[in-house]
Amino acid sequence: AIAMASVETYVADYANPSHAKTVSDLLNGYALDQFGNSGPLPDEIRAKLCAELANVPGAFSVVATIAGEAVGLINAFMGFSTFKCKPLVNVHDVFVSPEHRRKGVTQAMMARVQAIAIERGACKLTLEVLANNPNAMGSYKKFGFKSYELDPELGVAHFWEKKLE
């Protein structure tokens, strides 16, 4: 049997230049992925990403490392559930370096996100996932996520967008 390297996580300090570079590098890795943007983030976005994230109330980023190497990122944002009248945490970006997938990295990052959500009084975690990304869906289901529905007869919710620029 192959011993699995242990996964460590930390919450990035957006004011720390080393953390900011790590968040930017990992998000660029996600942008390059077929399930991301299929192309690199522009340099001007990478340069100001963490300074801008620091200005978003409740935003946080969880970085995963294996043997000191940064291998995973979750960017998350506080939201609000009107039906529960409580905060929620939206898991906005989830990325694991391709060579470190299937090693429990997402589970470790989600555990850290969940702990922060509970600490902040959140009633739930939310995320969006592409319909043709079964690996991600399997990982999220394993953590306890499921598709969102108020009433099975009305079907599951879909995430839509309207671009403004």
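Notes on the structure follow. (Residues numbered from 1 in each chain as written. Predicted model: local features only at pLDDT ≥ 70, side-chain atom pairs only at ≥ 80, totals over all residues. Heavy atoms only, no water.)

### Quick notes on the pattern of salt bridges
To keep it simple, the criterion reads: A carboxyl oxygen of Asp or Glu within 4 Å of a side-chain nitrogen of Lys or Arg is what we treat as a salt bridge. Numbering of helices and strands runs from the N terminus, with a helix taken as a DSSP run of H or I at least four residues long and a strand as a DSSP run of E at least two residues long. Relative accessibility decides the category of a residue: with a 1.4 Å probe and only protein chains considered, values under 20% of the type maximum give buried, values over 50% give exposed, and everything between is partly exposed.
Following the criterion strictly, the structure yields four salt bridges and no others. When the shortest N-O distance is used, the salt bridge between Asp25 and Lys21 registers 2.6 Å. Here the residue Asp25 and the residue Lys21 both occupy positions in helix H1 (residues 17-32), the gap between them amounting to four residues, near one helical turn. On the basis of relative accessible area, Lys21 is assigned to the exposed category, the value being 53%. For Arg101, the salt bridge goes to Asp33, with nearest N and O atoms at 3.0 Å. Separated by 68 residues along the polypeptide, Arg101 in the loop between strand S4 (86-96) and helix H3 (105-119) and Asp33 in the loop between H1 and helix H2 (43-54) bring together distant segments of the chain. Taken together, the shared-partner salt bridges connect Lys21, Asp25 and Arg46 into one network.

### Some thoughts on the environment of Lys146
Positionally, Lys146 belongs in the segment after helix H4 (134-143). Residue classification places Lys146 among the exposed residues on the basis of a relative accessible area of 75%. Remark: the alpha-carbon pair of Lys146 and Val156, spanning ten residues in sequence, is separated by 9.9 Å.

### Brief notes about the environment of Asp43
Residue placement: Asp43 occurs in helix H2. Asp43 sits 37 residues away from Phe80 along the chain, and the two C-alpha atoms are 32 Å apart.

### Notes on H3
Cut-off, in case you're wondering: Working rule for helices: expected span equals 1.5 Å times residues minus one. Any two residues having at least one pair of non-hydrogen atoms within 4.5 Å are treated as being in contact.
Between its first and last C-alpha, H3 extends 21 Å over 15 residues, near the 21 Å set by a 1.5 Å rise per residue. When we look at burial in H3, the residues that qualify are Val105, Thr106, Gln107, Met109, Met110, Val113, Ile116 and Ala117. Buried-residue contacts for H3 involve strand S1 (7-11), strand S2 (60-66), strand S3 (69-81), S4, strand S5 (125-127) and H4.

### Some words on the packing of H3 against H4
Note the cut-off: Interaxial angle, 0 to 180 degrees, is taken between N-to-C directions of lines fitted to C-alpha atoms, where a helix line uses only the stretch in contact. Oblique is the label for every angle not falling under 35 degrees (roughly parallel), over 145 degrees (roughly antiparallel), or within 65 to 115 degrees (roughly perpendicular). Take the far helix as your reference; a near helix turned counterclockwise from it by less than a right angle gives a left-handed crossing, and one turned clockwise gives a right-handed crossing. Any residue that is not Ala, Val, Leu, Ile, Met, Phe, Trp, Tyr, Cys, Pro, Asp, Glu, Lys or Arg is counted as polar, Gly included; the first ten are nonpolar and the last four charged.
With their axes 10 Å apart at the nearest point, H3 and H4 run at an angle of 45 degrees to one another. Regarding the angle of H3 to H4, the classification is oblique. Note that H3 runs across H4; the crossing there is right-handed. Along its contact with H3, which presents Thr106, Gln107, Met110, Ala111 and Gln114, the element H4 presents Ser139, Tyr140, Lys142 and Phe143. Residues of the contact of H3 with H4, tallied by class, amount to four nonpolar, four polar and one charged.

### Re the nonpolar core
Quick reminder of the rule: Joining through side-chain atoms within 4.5 Å is the link that ties buried Ala, Val, Leu, Ile, Met, Phe, Trp, Tyr and Cys residues into a set, and such a set is a nonpolar core.
Judged by nonpolar contacts, the single largest core of 22 residues is most densely connected at Phe60, Ile74, Val89, Val105, Met109, Met110 and Val113. Looking at this core, the elements that each hand over two or more residues are S2, S3, S4, H3 and H4. Of all the elements, H3 adds the most residues to this core, at six residues. Formed by 15 residues, the second largest nonpolar core is a distinct cluster that contains Ala12, Val23, Leu27 and Ala31.

### Some details on the packing of aromatic side chains
Note the threshold: Only the six-membered ring of Trp is used, alongside the rings of Phe and Tyr, when aromatic pairs are assigned; centres must lie within 6.5 Å, and planes under 30 degrees apart are stacked while those over 60 apart are edge-to-face, with the rest tilted.
A complete count under the given rule lists three aromatic pairs for this structure. Members of the aromatic cluster, joined through ring pairs, are Tyr140, Phe143 and Phe145.

### A look at unusual backbone geometry
Its identity as a non-glycine residue notwithstanding, Ala67 has a phi of 50 degrees, on the positive side. Relative to the elements of secondary structure, Ala67 occurs in the loop between S2 and S3. We classify Ala67 as exposed; its relative accessible area is 79%. The phi dihedral of Cys85 is positive, around 55 degrees, even though this residue is not glycine.

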